[in-house]
Amino acid sequence: MFLRRLMEKVSIRAIAESVQHSTTYMTSGTIEYPIIPFQQYVDYYLSDPLIMSAADYIEQAIAGMGGYTTADVDVAKDSIDEFNAKINLDELHLKIAKWTTLCGNFFLERIYDVYDIDVLKDPWTSAKVEIIVPAKGATLVDIKPLPLSSIVSAVRAPDGTVLWYNRLYKGQQTKLSSKLVIHYRWNVVDERAFGTGWLTSMLTEGVGFMIRGKLRKREPFVRLKEKLDDASMRLAIKAIPRHVYVFPTMPLDVLKEAQSQLEKLEPEQDFLTNSKEFDVREVGVSSRAVLEFFWKHIFDQFVIGTQTHHVRLFTTPGFTEASARVADATMERKLMAIRRFIKRVTEREIFDEFLRTHGIDPRQANVRWNWGLKEEPRIEVDHLIKFAELLARGVPVVRLDELREMLKRLGFMLTEGTEVKE
């Protein structure tokens, strides 16, 4: 195939062996940080079942159906399809869908066969900064996802262009040129360098309000939910029935022996005594109703924040399948917008770059990504009648043997072995 033959001719060399040197001085602008460090998104995704459930649901709703490519040039489509299989684009799209909606950002790194070095100026120290970039004429050979938590900040030029991303991965600090990065930046607020997702507001504290001359801010909803989860667990454990056995006249030494015997009982076992003066008192708690009210409030904020409704099917009485269908129809409009966003970035940053570096004009190839399964045309008898009429008139839209094969697929019993003469 096209890509395989090309890769046989290209030897991917290590960066240290393939870097060429050039110098480009550029004065950069400012350093910008994400609103919430990306590590927090990862931590809460792993630790909170509600957040994980919502993120996985959105991921599957957006990109779970996969997709296919179309193009105006066959060789371009074939090469892109091979490249998509190599980088496992379907799996990448699932990750992109999850994290761009969860936190507004996801990063891929382009891998080239040969690299160059640009020399820029650090915005704080004015020192020279060497940045690895694709060399002139370099070929795109692979795409790999970058660990989201490794991206710390972005350095922007005065016009807002991102020059490089600062990374911290396994204790090693590096600078990654924006020429190597594909940044899926969703829901940009105030033209920041980073996007925002549905979990961003849940991780952000309130704006604040004044009480007696002091500023008070609401804690982030995720922290409040964790506190309520912890309180619910403690309340449930504390609400286990506890009993006080009262023996008013029992001597202290006998009482201690009775206590040692009670401690050996299993929860479902009964206690037997022949004491005439004996009383059992149950100790309970009464704050459950108040806690349930606050927990429901926080839960509702999460459902609104995550913009998902499926969890209500399992938790909310009266939330029927019909209610879910109405909610699905409403949410589908949001999902369509995200699919269109991912599609455009993939086409521009992956497809066009691959074709350009492989000597194919992206504008002429017009390779497009389409979500869902490709609809194959359904053959009807009326179509075959039209084909036969055109064939009889000498219009070669289909050969006679092809027409016979289509008739067989529709179940017509045709004589085998008949010679077809063109």
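Residues numbered from 1 in each chain as written. Predicted model: local features only at pLDDT ≥ 70, side-chain atom pairs only at ≥ 80, totals over all residues. Heavy atoms only, no water.

Caption draft 1: Highlighting the overall build of the chain. When helices and strands are tallied, the chain shows 15 helices and 15 strands. The buried share of the chain, reckoned over its 422 residues, is 37%. Residue pairs in contact within the chain that sit at least 24 positions apart in sequence constitute 70% of those at least 6 positions apart. A total of about 26200 Å² of accessible surface is found on the chain, and carbon and sulfur atoms cover 54% of it. (Helix = DSSP H or I, 4+ residues; strand = E, 2+ residues; numbered from the N terminus. Buried < 20%, exposed > 50% of the residue type's maximum accessible area, 1.4 Å probe, protein only. Contact = heavy atoms within 4.5 Å. Areas by Shrake-Rupley, 256 points an atom, 1.4 Å probe, with all protein chains shown as cover.)

Caption draft 2: Geometry of the pairing of strand β7 (residues 151–156). Across the 6 residues of β7, 5 count as buried, placing the element largely inside the fold. The sheet contact formed by strand β1 (residues 30–32) and β7 spans 3 bridges and is antiparallel. Considered in β7, the bridge of Thr30 is made with Arg156. The pairing of β7 with strand β8 (residues 162–169) spans 5 bridges and is antiparallel. Bridging from a neighbouring strand, Arg156 pairs with Val162 of β8. What sits between the antiparallel neighbours β7 and β8 is a turn of 5 residues, in which Gly160 has the positive phi angle 95°. (Pairing = 2+ DSSP bridges.)

Caption draft 3: Broad picture of the side chain of Lys98. Inspection of the secondary structure puts Lys98 in helix α6 (residues 89–102). In this structure Lys98 comes out as buried when scored by relative accessible area, which is 10%. Within the structure, the side chain of Lys98 is placed 2.8 Å from the side chain of Tyr45, a separation counted as a polar contact. In contact with Lys98, not counting residues within four places along its chain, are Tyr45, Ala55, Asp56 and Glu59. (Polar contact = N/O pair within 3.5 Å; in protein donor to acceptor, adjacent residues only side chain to side chain.)

Caption draft 4: Looking closely at the sheet that holds strand β10 (residues 181–185). The 3 strands lie next to each other as β6-β3-β10, forming an open sheet whose pairing is antiparallel. Edge positions in the sheet fall to β6 (140–145) and β10, since each has one partner strand and no second. Recorded for the sheet is a direction-independent mean angle of 25° between the axes of neighbouring strands. Here strand β3 (residues 105–112) runs beside β10; their pairing, made up of 5 bridges, is antiparallel. Across the sheet, residue Phe107 finds its bridge partner in β10, namely His183. (Axes fitted to C-alpha atoms, helices over the stretch in contact; angles between N-to-C directions.)

Caption draft 5: Region of interest: the pattern of salt bridges. Summed over all chains, the structure comprises 19 salt bridges. Put simply, Glu219 and Arg223 hold a salt bridge, and the shortest N to O gap is 3.7 Å. Given a relative accessible area of 42%, Arg223 falls into the partly exposed group. Through salt bridges with shared partners, one network takes in Lys343, Arg344, Glu347 and Arg368. (Salt bridge = Lys/Arg side-chain N within 4 Å of Asp/Glu carboxyl O.)

Caption draft 6: The arrangement of a nonpolar patch on the surface in detail. Taken together, the side chains of Tyr33, Val152 and Leu168 define a hydrophobic patch exposed on the protein surface, amounting to about 280 Å² of accessible area. Residue position: Tyr33 is located in the loop between β1 and α3 (38–47). Classification of Tyr33 by relative accessible area gives exposed; the value is 53%. (Patch = residues over 30% accessible without salt bridge, like charges linked within 9 Å, V, L, I, M, F, W, Y side chains within 5 Å.)

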